[in-house]
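Residues per chain, in single letters:
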Amino acid sequence: MKWEGKPKHGKEVKPVLVIHGGAGIMRNDTPVEEQEKYRTALRGALKAGHAVLSAGGEAIDAVAAAVSFMEDCPLFNCGHGAVFTREGKNELETSIMLSKPPASAAVPIPPTRRGISITLIRRAKNPIQLARALYLSPQATPHTMMSGTTAEELGTTCGGPELMDPSYFWTEKRWKEHRRGLGLPEAPLPAGMVGAGEDAGDMMVMPKGTVGAVALDARGCIAAATSTGGLTNKIPGRVGDTPVMGAGFWAEEFEVSGWLRRKLHKVFKGTTKTGLGISCTGDGDYFIRRSAAATIAHRMKFLGQPLSKASKIVIEQLRQDGGMGGLVAVDLAGNAAFPMNSPGMYRGIITEEGVPKVAIFDFEDLA
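Residues numbered from 1 in each chain as written. Predicted model: local features only at pLDDT ≥ 70, side-chain atom pairs only at ≥ 80, totals over all residues. Heavy atoms only, no water.

K.L.:
Could you clarify how one ought to interpret the overall build of the protein in this entry?
P.N.:
Broken down by element type, the protein carries 9 helices and 12 strands. Relative to a compact globule of 367 residues, whose C-alpha radius of gyration would be 21 Å, the protein shows 19 Å and is just as compact. Overall, the protein is about 65 × 45 × 35 Å in size when its C-alpha atoms are taken along their principal axes. Within the protein, the proportion of its 367 residues that are buried is 58%. For the protein, contacts bridging at least 24 residues in sequence account for 72% of all contacts bridging at least 6. Accessible area for the protein stands at about 14,600 Å²; split by element, carbon and sulfur atoms hold 54% of it. Across the protein, the 43 positively charged side chains and the 38 negatively charged ones have centroids separated by 7 Å. (Helix = DSSP H or I, 4+ residues; strand = E, 2+ residues; numbered from the N terminus. Rg over C-alpha atoms; globule rule 2.2 N^0.38 Å. Buried < 20%, exposed > 50% of the residue type's maximum accessible area, 1.4 Å probe, protein only. Contact = heavy atoms within 4.5 Å. Areas by Shrake-Rupley, 256 points an atom, 1.4 Å probe, with all protein chains shown as cover. Lys, Arg positive; Asp, Glu negative; His and termini not counted. Charge placed at Lys NZ, Arg CZ, Asp CG, Glu CD.)

What follows is the structure in structure tokens.
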């Protein structure tokens, strides 16, 4: 979708896109060539999303493009690279949320629709495209959260992704992780699956992360998209934070609180509004208990905290609770945040200049 027009805000909005590919304990002894595979994949995802924004496209399509790229890459715990449940099955989750409805949708999207999420996905090739299709089809489903076969089949009626045989999600790397985690021998592989998928090394110990993207477009709309395979060897039917609105994802636009802050914001920013988009990754149960993503928004909205401070506080609270993870976020002014309490998080940013910058370890700067 392409939007043509001028932003309603007082100053020009410069598009920006941030992504993550999961957070956790990274292997320090990972060969440089293996690290570079991840950096190259992160740059590819950033370029995919940036291509949408630079062509005048909307945030919802930019994040969908970036996340789809990572879903197709077996390096990440989502889509084709998803981990297994303890019964050896794949159960994927996804979500999408906007700070305001897209301008170029085929049918009007109510401002109150906000977003949608799907859990227990087993066949949709690109789960994020399923979330996008259902969000843009309020006539097909008015609901905020759906699950399983019904959601997947409904998606095929409104432009959603192709439904694959479950074997599409099988990769040798994830299968061996699954078996090792249960204390079982890695061999023999399941019948007919020998050599299936790309057997690339994994830098993360027992992957439990997600992938996500947050974009700010020229219209001033922020979209957040997230996709995951969940926890390695999770109990079948387990639901993480990725499909829980306010826990693993959030996007919102709101009036700056306090008359003085509002007045100063109007003078320096050209608007009395601000907003943000967030995509989280890590120990999802802890993010759910803290309503992590929404809490960051509330700190900005009611305490007047900047995005960087609000997000760092919440990530530190998660650490104190025993939860490991991180997030990526963007506010309406184009400020980005990448807080984490883990040794690493695959992450990256691309601005209007079109130069992707990425990092993996916690001590690294984006470059």
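K.L.:
So what exactly am I meant to see when it comes to the sheet that holds strand 2 (residues 92–98) here?
P.N.:
As a general point, the strands of a sheet are linked pairwise by backbone hydrogen bonds and lie either parallel or antiparallel. Across the sheet, which stays open at both edges, the 8 strands sit in the order 4-3-2-6-5-1-11-12 with mixed pairing between neighbours. Two strands lie at the open edges of the sheet, namely strand 4 (145–147) and strand 12 (357–361), each paired on one side alone. Sheet twist, expressed as the mean angle between neighbouring strand axes with direction ignored, is 10°. The sheet contact formed by strand 1 (residues 16–24) and strand 11 (residues 344–351) spans 7 bridges and is antiparallel. Within the sheet, the bridge partner assigned to Ile-19 lies in strand 11 and is Gly-348. (Pairing = 2+ DSSP bridges. Axes fitted to C-alpha atoms, helices over the stretch in contact; angles between N-to-C directions.)

K.L.:
Help me understand the nonpolar core, please; the structure alone is not making it clear to me.
P.N.:
A general feature of soluble globular proteins is that nonpolar side chains tend to end up buried together. Counting residues in each nonpolar core, the largest one holds 55 residues, and the members touching the most others are Leu-17, Ile-19, Val-63, Phe-76, Ile-96, Leu-134 and Tyr-135. In this structure, Phe-76 is in contact with Gly-21, Tyr-38, Ala-41, Leu-42, Met-70, Gly-81, Ala-82, Arg-174, Val-211 and Tyr-346, ignoring residues within four places of it in sequence. (Core = buried A, V, L, I, M, F, W, Y, C linked by side-chain atoms within 4.5 Å.)

K.L.:
Please explain the UniProt feature "active site" (unreviewed entry) in the protein as it appears in this structure.
P.N.:
When the UniProt feature table is mapped to this numbering, "active site" (unreviewed entry) covers Thr-210. Relative to the assigned elements, Thr-210 resides in strand 5 (residues 210–216). Since its relative accessible area comes to 3%, Thr-210 is described here as buried. Discounting residues that sit within four places of it in the chain, Thr-210 has contacts with His-20, Gly-21, Gly-22, Asn-77, Thr-226, Ser-227, Thr-228, Thr-242, Cys-280 and Thr-281. (UniProt positions renumbered as here; feature names shortened; annotations may be inferred.)

K.L.:
Hey, could you run me through the side chain of Thr-226 in this one?
P.N.:
Its location among the elements puts Thr-226 in strand 6 (residues 222–228). Those residues in contact with Thr-226, other than ones at most four positions away along the chain, are Glu-93, Thr-94, Ser-95, Ile-128, Thr-210, Val-211, Gly-212, Thr-242, Gly-248, Phe-249, Ser-279 and Cys-280.

K.L.:
What exactly am I supposed to notice about the layout of surface pockets here?
P.N.:
Left-over empty space is what a probe sized like a water molecule reveals as it rolls over the atoms. Taken as a whole, the second largest pocket holds about 270 Å³ of empty space. Around the second largest pocket, the lining comprises 16 residues; the ones closest to its centre are Phe-84, Gly-88, Lys-89, Asn-90 and Pro-166. (1 Å grid on protein atoms, 1.4 Å probe; cavity = no way out; pocket = protein on both sides within 12 Å on 5 of 7 lines; lining within 4 Å. Points joined across faces, edges and corners; volume = space filled by probe spheres on them.)

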